[in-house]
Amino acid sequence: MTAQFEPSDDIAMLLAVMARLRTPDLGCPWDLEQTFETIAPYTIEEAYEVADAIARGDLMDVRDELGDLLLQVVFHARMAEEKGVFAFGDVVRAITSKLIRRHPHVFGDMGRVPVETVNGLWASIKAEEKRLRALERGEHKGPQGALANVPMAAPALTRALKLQAAASKVGFDWNDARAVLDKVREEAAEIVEAEAKSAPKEAIEGEIGDLMFALVNLARHMDVDPEKALDRTNDKFVRRFSAIENALAAEGRTASDASLDEMEALWVAAKMAERSTPQAD
């Protein structure tokens, strides 16, 4: 290892390593060809891996995954610095300033307030910040629409939930979950109809999207986190499919060797075994 570059708990070393990786002729060819657009998917992926490590309760893995996420911040900041837009220090200053500004009950003279007040305070300060930023950019468009603050780049499931919640605040919503459930049935029927008519793939995709949107709305009305619900079902699928593989392995076989009927029978057996134990899904 080059003496100039040694592992350190000083952020300056990480910044120096990143700068070297992006230095033409001296750095890494892969790092040098990256852009904001090519790195963005990795940034999202690393955030999910942090959440996964937390869910598994593996704090040492949390440490490592946070490092990977920090690398994404440093990578983006380095590319911005190369363009003369901002540097890592500007990122640190911006978030520090934001935290102080949005916590007047901690860093100002407001004094202690209940958590409900904190949530409203954060939202109002954030809205004012966005208004002032728009003015600085010369965007004099007047009041924004109800959905303007829902980020375009959010994962589809999260974005659907946020869009629905934002629309609900201005009264565009059903009054109860039963009405939404009727909508789910309606959307499912439209998929059946589209398939029966041999509709093009784009049309069927649209109908499936409508059904998924309605299901997210149903979860919202039933006070269920759709992301958590789907994640639990994913875990359930992995658990039961693993039971199929284990049962077949005990016979010296693999899933590829079994028929669909055999695997379905093993699936039902795994499902029944889970239901006979406490807290099974």
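The paragraphs below set out a description of the structure included in this document. Please read all numbers here as calculations on a predicted model, not as lab measurements. The residue numbers shown here count from 1 along each chain, following its written sequence. Residues qualify for local features only when their pLDDT is at least 70, as the model is predicted, and side-chain atom pairs are given and counted only at 80 or more; totals for whole chains, interfaces and linings, by contrast, use all residues. Side-chain numbers here rest on the full set of heavy atoms in the structure, without hydrogens or water.

**Let's talk about the environment of Phe5**
Locating Phe5 in the fold gives a position in the segment before helix 1 (11–21). With a 1.4 Å probe rolled over the protein chains alone, any residue whose accessible area is under 20% of its type maximum counts as buried; one over 50% counts as exposed, and the rest are partly exposed. Overall, Phe5 belongs to the buried group, its relative accessible area being 14%. Separated by 106 residues in the primary sequence, Phe5 and Gly111 have C-alpha atoms spaced 46 Å apart. The contact criterion used throughout is that any non-hydrogen atoms of two residues lie within 4.5 Å. Excluding residues within four positions of it along the chain, Phe5 makes contact with Met13, Ala16, Val17 and Arg20. Secondary structure elements are taken from DSSP: a helix is a run of H or I of four residues or more, a strand is a run of E of two residues or more, and numbering for both begins at the N terminus.

**Quick word on a negative patch on the surface**
Only residues whose relative accessible area exceeds 30% and that form no salt bridge are eligible for patches; like-charged ones are grouped when within 9 Å, while nonpolar side chains (Val, Leu, Ile, Met, Phe, Trp, Tyr) are grouped when within 5 Å. Using a 1.4 Å probe, the Shrake-Rupley method yields the accessible areas, and only the shown protein chains count as cover for residues. When a carboxyl oxygen of Asp or Glu is within 4 Å of a side-chain nitrogen of Lys or Arg, the pair counts as a salt bridge. None of His or the chain ends enter the tally, which takes Lys and Arg as positive and Asp and Glu as negative. Working definition for charges: the position is that of NZ of Lys, CZ of Arg, CG of Asp or CD of Glu. Together, Asp225, Glu227, Asp231 and Asp235 give the surface a local cluster of negative charge. The residue Asp235 is located in helix 11 (residues 226–249) in this model. Take Asp235: its relative accessible area is 43%, and that puts it in the partly exposed class.

**Things to note about the packing of helix 3 (residues 36–56) against helix 4 (residues 59–82)**
All axes are obtained by fitting lines to C-alpha atoms, using only the stretch in contact for helices, and the reported angles, taken between N-to-C directions, cover 0 to 180 degrees. Two elements in contact, helix 3 and helix 4, have axes separated by 8 Å at closest approach and are oriented at 160°. Considering the angle they form, helix 3 stands roughly antiparallel to helix 4. The handedness of the crossing between helix 3 and helix 4 is left-handed. Residues Phe36, Ile39, Ala40, Tyr42, Thr43, Glu46, Ala47, Glu49, Val50, Ala53, Ile54 and Arg56 of helix 3 form the contact with helix 4, whose own contacting residues are Asp61, Val62, Glu65, Leu66, Asp68, Leu69, Gln72, Phe75, His76, Met79 and Ala80. Residue type decides the class: Asp, Glu, Lys and Arg count as charged, Ala, Val, Leu, Ile, Met, Phe, Trp, Tyr, Cys and Pro as nonpolar, and the leftover types, Gly among them, as polar. In terms of residue class, the contact of helix 3 with helix 4 is made up of 14 nonpolar, 3 polar and 6 charged. Angles below 35 degrees are treated as roughly parallel, those above 145 as roughly antiparallel, those between 65 and 115 as roughly perpendicular, and all remaining angles as oblique. Left-handed describes a crossing in which the near helix is turned anticlockwise from the far one by less than a right angle; the clockwise case is right-handed.

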